[in-house]
Amino acid sequence: MSESQSPSPSREDDDSDVPHNPSPPRELVDNVDSLISADNIGDTVFSKHWLFTTLMKLIQEVDKQNEDKEAPECELEVAEELQDELCQLWDMAMNSDVAKFLEEFEAISILTGVITRSKAPRVVEICVGILGNMACNSKVCVNMSASDKVRDLMLMMLGNSDAPTLIETTRLLHVCLSCRDARELWIQSIQSQTDVLENVTFIFKSSTNNDLLKNVADFLDTALDASEELCTLWASIDLIMALLEAIKQLGLHPGATLGTYLHIFQLLSTTDQGVQAMGKSLVSIQELH
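Per-chain numbering applies: the sequence of each chain, read as written, is numbered from 1 onward. For this predicted model, a pLDDT threshold of at least 70 governs which residues receive local features, and a threshold of 80 or more governs which side-chain atom pairs are given and counted, while totals over whole chains, interfaces and linings are taken from all residues. To get the side-chain values, all heavy atoms of the structure are used, and hydrogens and water are removed first.

Digging into the packing of helix α5 (residues 80–92) against helix α8 (residues 121–134)
Point 1. The convention used is that axes are lines fitted to C-alpha atoms, helices contributing only their stretch in contact, and that angles between N-to-C directions extend from 0 to 180 degrees. The way it works is that DSSP assigns letters per residue, a run of H or I at least four long becomes a helix, a run of E at least two long becomes a strand, and they are numbered from the N terminus. As a packed pair, α5 and α8 sit with axes 8 Å apart at the nearest point and diverge in direction by 20°. Between α5 and α8, the angle falls in the class roughly parallel. At the point where α5 passes α8, the crossing takes the left-handed sense. On the side of α5, the interface is formed by Q83, L86, C87, L89, W90 and D91, while α8 contributes R122, E125, I126, G129, I130 and N133.
Point 2. The classification used treats Ala, Val, Leu, Ile, Met, Phe, Trp, Tyr, Cys and Pro as nonpolar, Asp, Glu, Lys and Arg as charged, and all other residues, Gly among them, as polar. Looking at the contact of α5 with α8 residue by residue, the class counts come to 6 nonpolar, 3 polar and 3 charged. Roughly parallel refers to an angle under 35 degrees, roughly antiparallel to one over 145, roughly perpendicular to one between 65 and 115, and oblique to any angle outside these ranges. Note on convention: near helix rotated counterclockwise from far helix by under a right angle means a left-handed crossing. Clockwise means right-handed. It only takes one pair of heavy atoms within 4.5 Å for two residues to be counted as in contact.

Some points on the side chain of E125
Point 1. Within the secondary structure layout, E125 lies in helix α8.
Point 2. Burial classes follow relative accessibility: with a 1.4 Å probe on protein chains only, a residue under 20% of its type's maximum area counts as buried, one over 50% as exposed, and anything between as partly exposed. The exposure class assigned to E125 is buried, which follows from its relative accessible area of 10%.
Point 3. For E125, the residues in contact, after removing those within four places along its chain, are W90, P164, T165 and E168.

Topic: the nonpolar core
Point 1. Counting residues in hydrophobic clusters, the biggest one holds 87 residues, and the most contacted among them are M134, M154, F204 and F219.
Point 2. Setting aside residues no more than four positions away along its own chain, M154 makes contact with I115, V128, L131, T169, L172, L173 and W186. We call a set of buried Ala, Val, Leu, Ile, Met, Phe, Trp, Tyr and Cys residues a nonpolar core when their side-chain atoms join them within 4.5 Å.

Remarks on the pattern of salt bridges
Point 1. Salt bridges are counted wherever a side-chain nitrogen of Lys or Arg sits within 4 Å of a carboxyl oxygen of Asp or Glu. Per the stated rule, a full pass over the model turns up 9 salt bridges.
Point 2. The shortest N-O distance in the salt bridge between D63 and R117 comes to 3.0 Å. In this pair, D63 is assigned in helix α4 (residues 48–67) and R117 in helix α7 (residues 107–117), connecting sequence segments 54 residues apart.
Point 3. Judged by its relative accessible area of 38%, R117 is partly exposed.

Section: the packing of aromatic side chains
Pairs of aromatic rings are described using the distance from one ring centre to the other and the angle between the two planes.
Point 1. Working definition: a ring pair exists when centres of Phe, Tyr or Trp rings (six-membered ring for Trp) sit within 6.5 Å. Plane angles under 30 degrees give stacked, over 60 give edge-to-face, the rest tilted. Counted by the stated rule, this structure contains 3 aromatic pairs.
Point 2. Centre to centre, the rings of F52 and F101 are 5.8 Å apart; their planes meet at 35°, and the pair counts as tilted. Within this pair, whereas F52 is found in helix α4, its partner F101 is found in helix α6 (residues 96–104), the two being separated by 49 residues in sequence.
Point 3. Between the aromatic rings of F52 and F105, the centroid separation amounts to 4.4 Å while the plane-to-plane angle is 40°, which identifies the pairing as tilted. Here F52, found in helix α4, pairs with F105, found in the loop between α6 and α7; they are 53 residues apart in sequence, far enough to count as distant.
Point 4. Among the residues examined, F52 registers a relative accessible area of 29% and is labelled partly exposed.
Point 5. Taking the relative accessible area as the measure of exposure, F105 reaches 29% and is therefore partly exposed.
Point 6. The rings of F52, F101 and F105 are connected pair by pair, giving a single aromatic cluster.

Below, the structure written as structure tokens:
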């Protein structure tokens, strides 16, 4: 019986009449890695398409906010999904390749526009934070700092009432002032805006947010260290008393933050005005001990 059984057809015979999808072109196979990486930003795994899409969603969200002219700013929130995506972008902006790509994509202009127009404090905070992370790249920082609009906007933001936004604003200012090639432009803008000292003094005097008090001290310390003229202009009893209030809030705990405050006092004491102001505040300084 086995001898009369027909032999099983071979695989080749069995598949001969079955239609097949054509094989991909050899060029596609050879270049698959480059095609996959074409959407990547630099040498990262971050997607250009995702970045574009997220920024477009952000612009659309701000446009939607401004359609409602009567909506109170403090009550506006954005969708959790968009917040999460913006926070991802915030983290990504620390990457040097991403920061450079964002700059090339005119993201600085987009983000400053959003900061100016958005009625949602959380969106403003994130956008300032993204700019702050981008500024950690020295070349991006220099180009960003060359914009009068950016400098004026960020210094104006010191008058903002939202503590998380102020934390990111003072961090950005500190980063930019720490960049040697960008510092001078910021000092010029600070000197030309009289409300900067007023806003900084108010923060020291009234804030109970320790993170903010640390960041604004870092900003002030770097600014005074970069400009002897600013030490002279800003040496006042009001500022010294405000600094003492901030130290009371923070507590006299040894550490980098207290060291920053003491360094500010040292810088102010290098001017005649500072010595006079500190002399008039001596009783309050002694009360700290």
